[in-house]
Amino acid sequence: MAWRATIVAPEIDPKIIEIELDALVRANRYLLLRHRVPPLYKSGVHYQAETPPKEDWLTAPVAAQLGLADCEDLACWRAAELQMAGERARPVYKREQVGGYGFWHIQVERENGDIEDPSRLLGMK
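The structure contained in this document is the topic of the report that follows. (Residues numbered from 1 in each chain as written. Predicted model: local features only at pLDDT ≥ 70, side-chain atom pairs only at ≥ 80, totals over all residues. Heavy atoms only, no water.)

Turning to the nonpolar core, a few remarks are in order. Core analysis: the biggest nonpolar cluster contains 27 residues, and Leu21, Leu32, Leu74, Trp77 and Val108 have the highest contact counts within it. Mapped by element, the contributors of at least two residues to this core are helix H1 (14-34), strand E3 (56-58), helix H2 (60-66), helix H3 (71-84) and strand E6 (101-109). Ranked by residues supplied to this core, first place goes to H3 with eight residues. Leave out the neighbours within four places in its chain, and Leu74 touches Leu40, Val45, Tyr47, Ala69, Pro118, Ser119 and Leu122. (Core = buried A, V, L, I, M, F, W, Y, C linked by side-chain atoms within 4.5 Å. Buried < 20%, exposed > 50% of the residue type's maximum accessible area, 1.4 Å probe, protein only. Helix = DSSP H or I, 4+ residues; strand = E, 2+ residues; numbered from the N terminus. Contact = heavy atoms within 4.5 Å.)

Moving on: the side chain of His105. Looking at the secondary structure, you find His105 in strand E6. Since its relative accessible area comes to 0%, His105 is described here as buried. A polar side-chain atom of His105 sits 2.9 Å from a polar atom in the side chain of Asp117. In contact with His105, other than residues within four places in its own chain, are Cys71, Val92, Tyr93, Lys94, Glu96, Asp117, Ser119 and Met124. (Polar contact = N/O pair within 3.5 Å; in protein donor to acceptor, adjacent residues only side chain to side chain.)

With that settled, the discussion passes to the side chain of Glu116. Mapped onto the elements, Glu116 comes out in strand E7 (residues 115-116). Look at Glu116 and you get buried, because its relative accessible area is 11%. A polar contact of 2.5 Å, which involves the side chain of Glu116, links it to the side chain of Tyr41. Of note is the side chain of Glu116, whose polar atom sits 2.7 Å from the side chain of Arg78. With near-sequence residues (within four places) excluded, Glu116 lies in contact with Tyr41, Arg78, Leu82, Gln107, Val108, Arg110 and Leu121.

Before going further, it helps to spend a moment on the pattern of salt bridges. The final tally for this structure, using the stated rule, is seven salt bridges. Between Arg120 and Asp117 there is a salt bridge, and its shortest N-O distance comes to 3.3 Å. Judged by relative accessible area, which is 38%, Arg120 ranks as partly exposed. One network of salt bridges, with partners in common, ties together Arg78, Glu81, Glu87, Arg110 and Glu116. (Salt bridge = Lys/Arg side-chain N within 4 Å of Asp/Glu carboxyl O.)

As a further point, take the packing of H1 against H3. Between H1 and H3, the least distance of the axes is 8 Å, while the angle of their chain directions is 60 degrees. By the angle between their axes, H1 is oblique relative to H3. Of the two possible hands of crossing, H1 and H3 adopt the one that is right-handed. Taken together, the residues of H3 that come into contact with H1 (itself represented by Leu21, Leu24, Val25, Asn28, Arg29, Leu32 and Leu33) are Glu72, Asp73, Cys76, Trp77, Ala79, Ala80, Glu81, Gln83 and Met84. A breakdown of the residues in the contact of H1 with H3 according to their chemical character gives 10 nonpolar, two polar and four charged. (Axes fitted to C-alpha atoms, helices over the stretch in contact; angles between N-to-C directions. Parallel < 35°, antiparallel > 145°, perpendicular 65-115°, else oblique. Left-handed = near helix turned anticlockwise from the far one by under 90°. Nonpolar A, V, L, I, M, F, W, Y, C, P; charged D, E, K, R; others polar.)

Right, here's the structure in full:
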């Protein structure tokens, strides 16, 4: 199962991003209970950016099958794992600028307030 969202406007309503991230975490929690998917950091999945305007939102089983995922896929997978272990973790986003282009980068906020960045841990430069 994969979601595809095409970003057509330079500014996106942050509330919609929160809703979509929460939905992907919830889908991952459901799917991780029903599919044999290794933990994110043992899965062999690597970070790979998508070429705009393409933007696929992948569930954990799909990302595991492909072996590649970008920031929202990885952060929502990791947040789902942590929630299933009883931690109040959630995906959070921030606006970043690279080479004159603005984009959203998704990370995981841990229960203690620390920020975990699965994308950087899995190959994002």
